[in-house]
Amino acid sequence: MPQPTLQAVHVNQPLTNFSLAVWQSQGYAWNSTRPVRLTHRSDVYYTYDQDYWFRQNQALRRAPGTESVGSGYDISTATVTTERYSIHKDIADPIRRNADPGLNLDREASEWAAMQLNIELERLWAGILFVTGVWNASTTPGTLWDVATSDPISDMEARALVMQENTGRRPNTLYLGAQTYSDGLKNHPDLLDRIKYTQRGVITPDLIAACLDLDRVVICSATRNTGIEGATRTMDFIGGQDDALLAYVSPTSGLLTPTAFQTFVWPEAGAANEFGVATKKYRLEEKLESDRVETELWVQFVLTSTLLGEMFINTVT
């Protein structure tokens, strides 16, 4: 007796409850600090010469009937100018009308634009701050950290002591390249030994921070495709994957703030998020029959104190 086949009773349609997109919403380091919001695109901030604040023999004994000793400090200014970074995706009316129910063109365009902006901001952040030759020192460990006999805790403690001697501040943040974390520290026997009686034997960024007496550890794991359009995909971590930055980064911003670096933003009007990122949707000229989804940010990353950063390079093989 003839019966309809499985293929005959159904015509494949796009699902409305699942779609696949490999996209990146975490692993960025550029947004790991609280920004300073400017009221104009460009402005200056005051800087205080450290020499005047740390010099000894300034406060002296005072004899009865005499004046106190006088001294002072110097002030200068530094200029910060934000630059605008933006990207858009257009959605043509015929495309919108013809789209299947499983597609949300506005959301997809917003997520895609946000990721493109994040990738560019991470590249800028890493190119200014997660590089060699700009901090107090750029050190390669004597024994690389993926070698069992290495001592990354002592290596970092030695540089932390240098920072404390130079600035009176111990580092509070460690930025790790993805390979430094996974190959060098995540399974290092010294760190595992320190947690073996209190934890389940898995090293996390929080546990590394606790072992090193830091407030936090940030893994710079954002990645990107460096291949040109149409060429074979070439994936690469954005930050130095085998590097590390030990720094004092202020958890707050305000007057008389000591910090290794600072993010300055000029928020878009009406942008509610902390960094002032604006995502807009607007109609193009009617003759173009398209809507535009656009994301942008005015920003500048500034290295503010070289002495509050200690860089480690080529930490693993």
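Residues numbered from 1 in each chain as written. Predicted model: local features only at pLDDT ≥ 70, side-chain atom pairs only at ≥ 80, totals over all residues. Heavy atoms only, no water.

K.L.:
Can you walk me through unusual backbone geometry in this structure?
P.N.:
Among all residues except glycine, the phi angle is most often negative; among peptide bonds, the trans geometry is most common. Its identity is not glycine, yet D213 carries a phi of approximately 60 degrees, on the positive side. In this fold, D213 is placed in the loop between α7 (205–211) and β7 (216–220). Look at D213 and you get exposed, because its relative accessible area is 56%. A positive phi angle, near 50 degrees, is found at E289, a position not held by glycine. (Helix = DSSP H or I, 4+ residues; strand = E, 2+ residues; numbered from the N terminus. Buried < 20%, exposed > 50% of the residue type's maximum accessible area, 1.4 Å probe, protein only.)

K.L.:
So what exactly am I meant to see when it comes to the pattern of salt bridges here?
P.N.:
Two side chains of opposite charge can pair, provided their charged atoms sit close to one another. This structure, assessed with the given rule, holds 18 salt bridges. Between E296 and R84 there is a salt bridge, with the nearest N and O atoms lying 3.5 Å from each other. Of this pair, E296 sits in strand β13 (residues 290–303) while R84 sits in strand β4 (residues 83–92), placing them 212 residues apart in sequence. The class for R84 is partly exposed, based on a relative accessible area of 46%. Each of D93, R96, D106, K281, R283, E286 and D291 takes part in one network of salt bridges that share partners. (Salt bridge = Lys/Arg side-chain N within 4 Å of Asp/Glu carboxyl O.)

K.L.:
Just to check I follow, could you spell out the nonpolar core for this structure?
P.N.:
Counting residues in each nonpolar core, the largest one holds 33 residues, and the members touching the most others are W30, W125, F130, Y175 and F261. Residue assignment for this core shows that the elements contributing at least two residues are α3 (105–129), β7, β10 (244–247), β11 (261–265) and β13. The greatest single-element share of this core, amounting to eight residues, is contributed by α3. Setting aside its immediate chain neighbours within four residues, F261 contacts T33, W125, L129, W135, Y175, V249, V302, L303 and T304. (Core = buried A, V, L, I, M, F, W, Y, C linked by side-chain atoms within 4.5 Å. Contact = heavy atoms within 4.5 Å.)

K.L.:
What is the right way to look at the environment of G276 in this model?
P.N.:
Summarising the element assignment, G276 is placed in the loop between β11 and β12 (278–283). As for G276 and E296, which are separated by 20 residues in sequence, their C-alpha atoms are 8.8 Å apart. Here G276 is in contact with R37, P267, E268, A271, E296 and L297, once residues within four sequence places are set aside.

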